[in-house]
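Observations on the model geometry
One letter stands for each residue in the lines below.
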Amino acid sequence: MRLGVLGTLTVEDVEVADILTAPKPRSVLAMLMLQPGRAVSTASLIQELWDESPPRSAATTLQTYILKLRRMFRGIAQANNLPPREVLVTRVPGYLLQVDSAAHDLSAYESLVAQGQALLAQGDYERSRDLLSRALGLWRGAPLSDVRPGPLLYPQICGLEESRLTVTEMRIEAELRLGHHHAVQRELAVLVGSHPFHEGIRVMHMLALFQSGRLSAALESFHQYRHHVATELGLEPSPRIRGLQQAMLSFDPMADSLAILDRV
């Protein structure tokens, strides 16, 4: 049975919101799907649903939601002619989803990222780029976009978004090391617009422009970054990115070697 959290919450490619209209059961399912194969405690589920003010009936209400989810899984299995199996089981200290990691988009994503990151470190940039691209291709939009996050889901969703950005950086780094400077310029321009204080992205944007023969544009990117960090944060750019600017101005081989990426 296929499960998805890298976008809307889906089971067997069906949006859960079309089956469960109430938001709290979807939150319970999201909590379970973010930790496949591991028990999520009843206390954590109650905290996610009601924060610091759970009603006296919280435990009973949670059991009702679990029952609804089990019925949903059975209905989806029947509709897709899947063999009956218990997907959602009771397991101390709470509940656990039994899923095939290959059919869970988050598990597949994390596996591809781990492989791609290892290959990047080994210098196998082409295979790294391909695996990281496959990982990013699993995303369908903002994670759990149809779930209303509480105190425990919210930081996990933020962590997923941060992971997506980090993996995008790694994939672009592989592209740069393969010499594909022109190919990533537009994507990097969008990223620096969305993340104006992110030094690693800015460094790659400057490098892509410089190595494409666009020195003035690379320097303008640096000046934009310096303006952002000075006016918004009251800071100066780090020695690393200032060193890259100076290397470009003096046509130092460092700016051509991509050695600075080793410190991104």
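Whatever comes next refers back to the structure up there.
Parameters and conventions
Residues numbered from 1 in each chain as written. Predicted model: local features only at pLDDT ≥ 70, side-chain atom pairs only at ≥ 80, totals over all residues. Heavy atoms only, no water. Helix = DSSP H or I, 4+ residues; strand = E, 2+ residues; numbered from the N terminus. Buried < 20%, exposed > 50% of the residue type's maximum accessible area, 1.4 Å probe, protein only. Polar contact = N/O pair within 3.5 Å; in protein donor to acceptor, adjacent residues only side chain to side chain. Contact = heavy atoms within 4.5 Å. Axes fitted to C-alpha atoms, helices over the stretch in contact; angles between N-to-C directions. Parallel < 35°, antiparallel > 145°, perpendicular 65-115°, else oblique. Left-handed = near helix turned anticlockwise from the far one by under 90°. Phe/Tyr/Trp six-rings, centres within 6.5 Å; stacked < 30°, edge-to-face > 60°. Nonpolar A, V, L, I, M, F, W, Y, C, P; charged D, E, K, R; others polar. Pairing = 2+ DSSP bridges. Expected span 1.5 Å × (residues − 1).

1. Considerations on the environment of T90
When you line up the elements, T90 lands in strand β5 (residues 88-91). What makes T90 exposed here is its relative accessible area of 54%. Each C-alpha atom of the pair T90 and D100 lies 18 Å from the other, and the pair is 10 residues apart in sequence. Within the structure, the side chain of T90 is placed 3.0 Å from the side chain of R70, a separation counted as a polar contact.

2. Brief notes about the environment of I76
Relative to the helices and strands, I76 is located in helix α3 (residues 58-79). Since its relative accessible area comes to 6%, I76 is described here as buried. Between the C-alpha atom of I76 and that of E12, which follows or precedes it by 64 residues, the distance is 7.3 Å. When neighbours within four sequence positions are excluded, I76 is seen to be in contact with M1, V11, E12 and I19.

3. A word on the packing of helix α5 (residues 125-137) against helix α6 (residues 153-177)
For the pair α5 and α6, the least separation of the axes is 9 Å and the interaxial angle reads 150 degrees. As far as their axial angle goes, α6 and α5 are roughly antiparallel. Remark: the crossing between α5 and α6 carries left-handed chirality. Across the interface between the two elements, Y125, S128, R129, L132, S133 and L136 of α5 pack against R164, V167, T168, M170, R171, A174, E175 and R177 of α6.

4. Quick word on the packing of aromatic side chains
Counted by the stated rule, this structure contains two aromatic pairs. Arranged with centres 6.1 Å apart and planes meeting at 45 degrees, the rings of F210 and F251 form a pair that is tilted. Note that F210 is positioned in helix α8 (residues 199-210) and F251 in the loop between α10 (239-249) and α11 (254-257), a separation of 41 residues in sequence. Here F210 falls in the buried class, since its relative accessible area comes to 8%. Overall, F251 belongs to the exposed group, its relative accessible area being 57%.

5. Observations regarding the packing of helix α7 (residues 181-194) against α8
The geometry of α7 relative to α8 is characterised by a closest axis approach of 9 Å and an angle of 145 degrees between their N-to-C directions. The crossing of α7 and α8 is left-handed. Facing α7, whose interface residues are H181, V184, Q185, L188, A189, L191 and V192, α8 presents I201, R202, M204, H205, A208 and L209. Among the residues forming the contact of α7 with α8, the class breakdown is nine nonpolar, three polar and one charged.

6. Overview of the pairing of strand β6 (residues 94-97)
Examined bridge by bridge, strand β4 (residues 40-41) and β6 share two bridges and lie antiparallel to one another. Bridge pairing in β6 places V40 opposite Y95. Two elements, β5 and β6, share four bridges in a ladder whose sense is antiparallel. Note on β6: the bridge partner recorded for T90 is Y95. Hairpin connection between β5 and β6: a loop of two residues separates the two successive antiparallel strands.

7. A word on α8
With 12 residues, α8 ought to run about 16 Å at 1.5 Å a step, and its terminal C-alpha atoms sit 16 Å apart, in line with that. Across the 12 residues of α8, 12 count as buried, placing the element largely inside the fold. Tucked inside the fold, the buried residues of α8 contact α6, α7, α9 (215-233), α10 and α11.

8. Observations concerning the sheet that holds β4
Strand order in this open sheet of three strands is β4-β6-β5, and the pairing throughout is antiparallel. Single-partner strands in this sheet number two, and they are β4 and β5. Strand contacts of helix α1 (residues 23-33): β4, β5 and β6, with the helix running at about 65 degrees to β6, the strand carrying the most contacts.

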